[in-house]
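Now for the letters of each chain:
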Amino acid sequence: MSNTTSDDSLITTEVQADSNDDRAPLGETGTAVAARNLDVYYGDEQAIDDVTMEIPEKRVTALIGPSGCGKSTFLRCINRMNDMIEICRVEGDVEFGGKNVYEDDVDPVALRRKIGMVFQKPNPFPKSIRDNVAYGLKIQGYEGDVDERVEESLKAAALWDEVKDQLDSSGLELSGGQQQRLCIARAIAPDPEVVLMDEPTSALDPVAASKIEDLIDDLAEEYTVIIVTHNMQQAARISDRTAVFLTGGELVEYDDTAKIFEDPEEQRVEDYITGKFG
Ligand SMILES: Nc1ncnc2c1ncn2[C@@H]1O[C@H](COP(=O)(O)OP(=O)(O)OP(=O)(O)O)[C@@H](O)[C@H]1O
């Protein structure tokens, strides 16, 4: 993927160009995940309001919007992380692999192997680097060569060269940026199809954040990446599609990232992007 600077952009950043990579045009890619008339409530409070959207496979889709508009809630619905929140109620469908993930026969643990997650704060286990990455493999009873898969995952997370001589050291001894890449390696080791990222760089310094951004770009060659970010420049730099949520959990506009940042349909989106509110 390469970047171009657009004179028309509403924000002073680079909007990624899709045109000169060798992937199928966005409109011709399959759908990895689809929400259909999704409503989410915490008790009586509605956090997601009738959201319908199709997320393309092997692309980066950014979810942006002001604080409290439901971005994390939406993300967590995709792999049923909201199941852990007692007062949370989900209505409507989230389709993955042609099936609504909320059907009774879906095993959420198996679902989360296919749809991995990386959180805002790096959260390695207090275990060795190797064991952090091998964790999901052991749970799933992986029958292949675990060490080989650990190496592949660390390479895919752009961490291998930095840690290959210290695989038995604690993951907690790494820097924040390295810990986040370790968490990405842990998420991709079980070979998911989708990786959900909830503000994965907001706790990192700019250099570490930039490494993760580069990594996300590479990951999208193999995985569908769905990322919540507060950072509009980041969304513009790394995503192919952008969904703008506004207060009340409404999906106001969802389109190619260049369109959202250069010529959005909705005045409210333009106002948000140019900092007039939110
Ligand atoms: N566990 C919870 N229990 C009750 N209400 C919640 C819970 N999590 C989120 N909410 C409420 O749901 C709404 C959406 O929250 P959510 O965290 O999804 O928004 P967000 O856009 O990700 O916000 P931020 O950008 O600040 O992280 C908010 O009103 C929030 O207070």
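Please refer to the structure placed before this passage.
Presented here is an overview of the structure given in this document. The model shown is predicted, which means the values in this text are computed figures rather than measured ones. (Residues numbered from 1 in each chain as written. Predicted model: local features only at pLDDT ≥ 70, side-chain atom pairs only at ≥ 80, totals over all residues. Heavy atoms only, no water.)

1. Structural notes on the packing of helix 4 (residues 146-156) against helix 6 (residues 176-188)
- Between helix 4 and helix 6, whose axes approach to 8 Å, the crossing angle comes to 130°. In terms of axis orientation, helix 4 runs oblique to helix 6. Viewed along their axes, helix 4 and helix 6 form a crossing whose handedness is right-handed. Residues R149, S153, L154 and A156 of helix 4 lie in contact with helix 6, whose contacting residues are L182, A185 and I188.
- When the residues that make up the contact of helix 4 with helix 6 are grouped by side-chain class, the tally is five nonpolar, one polar and one charged. (Axes fitted to C-alpha atoms, helices over the stretch in contact; angles between N-to-C directions. Helix = DSSP H or I, 4+ residues; strand = E, 2+ residues; numbered from the N terminus. Parallel < 35°, antiparallel > 145°, perpendicular 65-115°, else oblique. Left-handed = near helix turned anticlockwise from the far one by under 90°. Contact = heavy atoms within 4.5 Å. Nonpolar A, V, L, I, M, F, W, Y, C, P; charged D, E, K, R; others polar.)

2. As for the sheet that holds strand 6 (residues 88-96)
- Taken in spatial order, the four strands of this open sheet run 4-3-6-7, and their pairing is antiparallel. With partners counted over all chains shown, the strands left at the sheet margins are strand 4 (45-56) and strand 7 (99-100), one partner each.
- Judged from the eight bridges that link them, strand 3 (residues 31-42) and strand 4 form a sheet pairing that is antiparallel. What sits directly across from T31, in strand 4, is P56. (Pairing = 2+ DSSP bridges.)

3. Quick notes on the site of the ligand
- Surveying the vicinity of the ligand reveals 16 residues, the closest of which are E45, S67, G68, K71 and T73.
- Within the side chain of K71, one N or O atom sits 2.7 Å away from an oxygen atom of the ligand.
- Burial of the ligand by the protein chains amounts to 68% of its free accessible area of 630 Å².
- The element that contributes the greatest number of residues to the shell around the ligand is helix 1 (residues 71-78), accounting for four residues. (Near = heavy atom within 4 Å. Polar contact = N/O pair within 3.5 Å; in protein donor to acceptor, adjacent residues only side chain to side chain. Areas by Shrake-Rupley, 256 points an atom, 1.4 Å probe, with all protein chains shown as cover.)

4. Details of helix 4
- Of all the positions in helix 4, only R149, V150, S153 and L154 are classed as buried. Projected down its long axis, helix 4 shows its buried positions confined to an angular sector of 135°, all on one face.
- Of the surrounding secondary structure, the elements contacted by the buried residues of helix 4 are helix 3 (129-139), helix 5 (160-163) and helix 6. (Buried < 20%, exposed > 50% of the residue type's maximum accessible area, 1.4 Å probe, protein only. Arc of directions from axis to C-beta.)

5. Details of a negative patch on the surface
- Among the surface-exposed residues, D191, D214, D218, E221 and E222 lie close enough to one another that they form a single negatively charged patch.
- Relative to the assigned elements, D218 resides in helix 7 (residues 206-219). (Patch = residues over 30% accessible without salt bridge, like charges linked within 9 Å, V, L, I, M, F, W, Y side chains within 5 Å. Salt bridge = Lys/Arg side-chain N within 4 Å of Asp/Glu carboxyl O. Lys, Arg positive; Asp, Glu negative; His and termini not counted. Charge placed at Lys NZ, Arg CZ, Asp CG, Glu CD.)

6. Quick notes on the sheet that holds strand 12 (residues 250-256)
- Read across the sheet, six strands follow the order 8-9-10-5-11-12 without closing on themselves; strand pairing throughout is mixed. Each having just a single partner strand, strand 8 (115-118) and strand 12 make up the two edges of the open sheet. Here the average twist between neighbouring strands, direction ignored, is 15°.
- Sheet topology note: the strand 8/strand 9 (residues 194-198) ladder contains four bridges and is parallel. The residue of strand 9 that forms the bridge with M117 is L196.
- Against the sheet, helix 6 makes contact with strand 8 and strand 9, and its axis sits at roughly 170° relative to strand 8, the strand it touches most.

7. Here we look at the nonpolar core
- Counting 46 residues, the largest nonpolar core has L154, I184, M197, I216, L219 and F261 as the members making the most contacts within it.
- Of all hydrophobic cores here, the second largest spans 35 residues; its members include I55, M117, A243 and L251. (Core = buried A, V, L, I, M, F, W, Y, C linked by side-chain atoms within 4.5 Å.)

8. A short note on the environment of R130
- Counting through the fold element by element, R130 comes out in helix 3.
- Counting along the chain gives 57 residues from R130 to A187, while the straight-line C-alpha distance between them is 13 Å.
- Aside from chain neighbours lying at most four places away, what touches R130 is D147, V150, L167 and D168.
- A distance of 3.4 Å separates a polar atom in the side chain of R130 from a polar atom in the side chain of D147.

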